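Now for the letters of each chain:
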Amino acid sequence: MVMDRWFLVASTLLALIGAGRGVLAVHQGKRSPWTVAWIFGAFLCQIGFLSVRGQLRAACPLNDPGEILAFLAWSLTLFYLLVGPAYRISLLGVFTAPVVVIFQGLALLPGVLTENPQRITGGNPWHETHSAMSVLAYGALALAAVAGVMFLVLDKQLKEHHLKSSLFRNLPPVRELLISLERLLWLGGFLLTIGIVAGFLMPHTASAWAHLIAALAVWIGYIALLTVKRVRGLTGRRLSLSAVLLFVLSLVVFAFV
Amino acid sequence: MELFCLGLNHRTAPVEVREKFAVGTTKLGEAAHEMVRLAEASEAVVISTCNRTEFYFAAENAEIAFQLIETRLAEKTQLNHDIALHFYRKSKFEAARHLCEVVCGLDSMMLGETEIFGQVKQAYGSALDAGATGVVLNKVFQRVFGIGKKVRSETSIQEGSTSVGNVAVDLAEKIFGHLKDSEVMILGAGEMSRITAQSLVSRGAKSIFVANRSFDRAQELAAEMGGSAVRFDDWQDVLKRVDVVISSTGAPHAIVMRADVEQARRARKYRPLFFIDIAVPRDIDPAVGEIEEVYLYDIDTLEQLAEEARSRRHLQIEECQRIIALELVKTNLPGM
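Residues numbered from 1 in each chain as written. Chains lettered and ligands numbered in written order. Predicted model: local features only at pLDDT ≥ 70, side-chain atom pairs only at ≥ 80, totals over all residues.

S.K.: Residue-level account of the interface of chain B and chain A, with values.
M.R.: Taken together, the contact between chain B and chain A spans 14 residues of the former and 14 residues of the latter. Among the secondary structure elements, those contributing two or more residues to the side of chain B that touches chain A are helix H7 (164-176) and helix H12 (299-330) of chain B. No other element matches H7 of chain B, which puts 4 residues into the side of chain B that touches chain A. In terms of residue class, the side of chain B that touches chain A is made up of 6 nonpolar, 2 polar and 6 charged. (Contact = placed C-beta atoms within 7 Å. Helix = DSSP H or I, 4+ residues; strand = E, 2+ residues; numbered from the N terminus. Nonpolar A, V, L, I, M, F, W, Y, C, P; charged D, E, K, R; others polar.)

S.K.: Which residues make up the sheet that holds strand S8 (residues 244-247) of chain B, and what values do they have?
M.R.: Residues and elements named next belong to chain B. Strand order in the open sheet made by the 6 strands is S7-S6-S5-S8-S9-S10, with parallel pairing throughout. The strands lining the two open edges of the sheet, one partner per strand, are strand S7 (228-231) and strand S10 (294-298). Averaged over all neighbouring strand pairs, the angle between strand axes comes to 20°, with direction disregarded. Bridging between strand S5 (residues 183-187) and strand S6 (residues 207-212) involves 5 bridges; their strand directions are parallel. Each residue of the ladder has a partner; that of leucine 187, found in S6, is alanine 211. (Pairing = 2+ DSSP bridges. Axes fitted to C-alpha atoms, helices over the stretch in contact; angles between N-to-C directions.)

S.K.: Account for the pairing of strand S9 (residues 273-277) of chain B, with residues named and values stated.
M.R.: All names here are of chain B. Among the 5 residues that make up S9, 5 are buried, leaving the element largely enclosed by the rest of the structure. The alternating pattern of S9 places Leu273, Phe275 and Asp277 on one face and Phe274 and Ile276 on the opposite face, and all of these are buried. Two elements, S8 and S9, share 4 bridges in a ladder whose sense is parallel. By the bridge assignment, valine 245 is partnered in S9 with phenylalanine 275. On the question of chirality, the crossover connecting S8 to the parallel S9 by way of helix H11 (residues 258-268) is right-handed. (Buried ≥ 20, exposed ≤ 12 C-beta atoms within 10 Å, placed from the backbone. Right-handed = clockwise from strand over helix to strand, strands pointing away.)

S.K.: Could you give an account of the confidence of the model for chain B, with specific residues and numbers?
M.R.: Considering every residue of chain B, the mean pLDDT works out to 90; 99% of them sit at 70 or more. Reported confidence for the predicted complex is 0.82 by ipTM and 0.77 by pTM. (pLDDT = per-residue confidence, 0-100.)

Structure, rendered in C-alpha cells:
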C-alpha cells in the first residue's frame, strides 16, 4: 500500500476511535474531552493524505471520487475544529467522527481512489477554485447537517419529556445549536457561491455543464432556505430537517451527475 | 488527642431549639474560639447553617469535654429541658465520617445540595483565621474536603434538580443557554410563579413581564422583581417577544389557547418558546404543546422530573458512603 492510503487508513482509524470512545463516554454519562484530540490526529493524517495526493497530481487533489470524499471529510473535520468550541466540543465530535469514518471508509473501498494518480497537466485555476471551494462548502454544510441531527435529537427529547439520558445532559442548548447551524449554513452558502461563480468561469465540457447545473440547483436550495429563515423565520425543526435533507440530496445528486 | 463532634440538626431539633444555637457567619471564628474555652479542648470548629449547628473538637478526653460543653451550652442558652435530647455525639472515626456526610450533602434536608460544602469551608476558614484549629482539625477538615470533592465527582449525588422551580430553570437553560438574552412573562401573580421567576432572574434572565387580573398586584410583583407590569388583556402582545411563559392563575379553565400562540408565531419568527404551567387546573391548553417550536411542561411533569432526581440521588447514598469509608480508612488521620 502506498503512503497516501496509509495516511487515509490511519485517519479513518483515529476518527473511529474518537467516535467509539465518545459514544462510550456519552453512554456512561461523562464528557469526552479526548474526542477532539483523536479527531485532531485524524485531521493531521488527512493533511498527510491530501499533500501526498497533491504532489502526485501536481494540483488540488479532487480528481476522483475517493479524493473528493477524502477532501470532504477533511473539510468537515476542519470546520468541526474551527467551530467546535462554540458547541460542547466533545459531543459535536461524537456526532462528526462517524460521518468522517463513513466518507473515508467509502473512499478506501476498492476502485474508488485511483491507485496511480496521473499528474494533471494544463490545469485551469478556475476549475481548481470551483472544486476546492465547492468541497470546502460541503464541509461546512455537512457540519450544519450534523448540528441539525443534534437539534432533532434534542428537540424530540424535550418535546416528549425524555430528559434522563446522558445524551440529553451532554447536548448543547437548543438556541446555541440553532445559531451555530445557521452560521454554518451561511458560511457554506458563501463558499458555494464562490465555487459556482468559478464553475461558470472555467472551460466546460458537456458533462461539466450537467455537473454545474446540479451544483446550481443545490446552491439555489440552500440560498432559498437561508432567505426564508432570515425573512420569514423558520422553526428549528424545519431548519434542521432542511439542512439534513439538502445535504443528503446534494450528495445523492453528485453521486449520479 | 481525640476528634469528636457535638451537634443538632433538622432531624433532631425543631427550629425553636436550633435557632438558640445558631451562629452568624461573621461570628464563626469567634464562636470557635469560645468553644475551645468552654470545652477545655485544644481545637474547635463551629458549623452553623439554617438546618444545623455542629461543634467539632480535638481534646484529650472526649467524654469529659462532651459533658462540659453540654452543661455550659445549656446554661448559656437558658434552655430548661435537657438539651442532650437534641444533640448527637460522635467521636473519632464516626465523627470524621459524619463530617464527610455533611460536606457531601448526605445529611442535608435537600439530599446532595452543594451549598453546604461552601458553608463548611467557610466555617473551617473562620476557625483557622481565629487560631482555633491545630494539627488534628486542620488535617481532618482538609482531608474531608478532598473526600467531598471525590464523592461529588464520582457519583451523581448532586445531579438533577429536586424542586419544581429548579427543574423549570434547568429546562429553560437547556433551551436557551445563557438566560441573559431571554425574556420572561408571568401570567398570574401566584407564589409558585414568583419563586420560579425569581430563579430565572437569579440566573440572569433579561427582563420580566407580569400580567395579572389585578393590575395592582401585577405592579407589586413586577416592582419586587425589577420587571414591568402588563394589563391582563395585553398578554398576547407580550407573547410576541418573550421566550419563557410561567403561568399560575387561579382560572377554572385554560387561558392560553393554541390559537393565541399560533397568532404570535409569525411575529416571533418561529423562535423556541417555553411554557411552564404550574396552575391547577391547567392554564395552558395541552394542544399548545403540539406547536413545533413550543416546549410545554405542566406541574405534574415538573414534579415527576424533580421526584426522579430525588430518587436518583437516594440511589447514590450507598455509593457515597462506600467511597467515604474507603477514603477514611486509607488515610491515617489524627484523632481517630
